[in-house]
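Read off the chains here:
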Amino acid sequence: MTDKCSMYDIGDKEVINLTDGQRLGFITDADIDVNTGQVVCFIIEGRRKLFGILGKEPDISIKWEEIEKIGEDIILVRREPAGIKRLPEKRFYY
């Protein structure tokens, strides 16, 4: 693989979070610093709820510093999970 990659190629790669193994989705947009021309972050569009009828989840912003590796098929990132879903604590009363 070369050291260069187009936005078209980036959009075909799935983004995986190494922290929790979650599949975050595919990159749909990028924020670029117009003064330096460098990518500031990538944007993953939020998932649609019930085919978009109930809206969608918030977009995910992946900072350039969070990217660990851009491979042929996937992009590995290391970031804190957005929302950790915890089961309610079970309490036993005697």
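Residues numbered from 1 in each chain as written. Predicted model: local features only at pLDDT ≥ 70, side-chain atom pairs only at ≥ 80, totals over all residues. Heavy atoms only, no water.

### With respect to the overall build of the chain
This is how the line gets drawn: Per the convention used, a helix needs a DSSP run of H or I reaching at least four residues, while a strand needs a run of E reaching at least two, with both numbered from the N terminus. Here's how the labels work: a residue is buried when its accessible area is under 20% of the maximum for its type, exposed when over 50%, partly exposed in between, all with a 1.4 Å probe on protein chains only. Only heavy atoms matter for contacts: two residues are in contact if any of them lie within 4.5 Å across the pair. In short, Shrake-Rupley with a 1.4 Å probe defines the accessible areas, and a residue's cover is counted only from the protein chains shown.
The number of helices and strands found in the chain is one helix and six strands. Put simply, the chain runs from its N terminus to its C terminus through helices and strands in the order α-β-β-β-β-β-β. In the chain, which comprises 94 residues, the share counted as buried stands at 23%. Considering only intrachain contacts with a sequence separation of at least 6, the fraction spanning at least 24 residues in the chain is 34%. Looking at the chain as shown, the accessible area adds up to about 7,900 Å², and 52% of this sits on carbon and sulfur atoms.

### Brief notes about the nonpolar core
Our working rule: Put simply, buried Ala, Val, Leu, Ile, Met, Phe, Trp, Tyr and Cys residues joined by side-chain atoms within 4.5 Å make one nonpolar core.
Formed by Ile10, Val15, Leu24, Ile27, Ala30, Phe42, Ile44, Ile62, Ile67, Ile75 and Val77, the largest nonpolar core amounts to 11 residues. Secondary-structure elements contributing two or more residues to this core are strand S2 (23–32), strand S3 (39–44) and strand S6 (74–77). Counting residues per element, this core draws most heavily on S2, which supplies three residues.

### Re the sheet that holds S2
Using the following cut-off: Should DSSP find at least two bridges between two strands, the strands are taken to pair. Lines are fitted to the C-alpha atoms to define the axes, a helix being fitted only along its stretch in contact, and any angle between axes, read from their N-to-C directions, falls within 0 to 180 degrees.
Strand order in the open sheet formed by six strands is S4-S3-S2-S1-S6-S5, with mixed pairing between adjacent strands. Either end of the sheet is taken by a strand with one partner, and the two such strands are strand S4 (60–63) and strand S5 (67–70). Pairs of neighbouring strands in the sheet enclose a mean axial angle of 40°, with direction left out of account. Summarising the sheet, S2 and S3 pair through five bridges and their orientation is antiparallel. Along S3, the bridge assignment pairs Asp31 with Cys41.

### Observations concerning the pairing of S5
Pairing geometry for S5 and S6, over three bridges, is antiparallel. By the bridge assignment for S6, Ile70 is matched with Ile75. Between the end of S5 and the start of S6, which pair antiparallel, lie three residues.

### Describing the packing of aromatic side chains
Test applied: Stacked, edge-to-face and tilted are the three classes for Phe, Tyr and Trp ring pairs, Trp counted by its six-membered ring, which pair at centre distances within 6.5 Å; planes under 30 degrees apart are stacked, over 60 edge-to-face, the rest tilted.
Taken as a whole, this structure holds one aromatic pair when the rule is applied. Taking the centre distance of 6.1 Å and the plane angle of 50° together, the rings of Phe42 and Trp64 count as tilted. Residue Phe42 is located in strand S3, and its partner Trp64 is located in the loop between S4 and S5; the two are separated by 22 residues in the primary sequence. Assessed through its relative accessible area of 3%, Phe42 is described here as buried.

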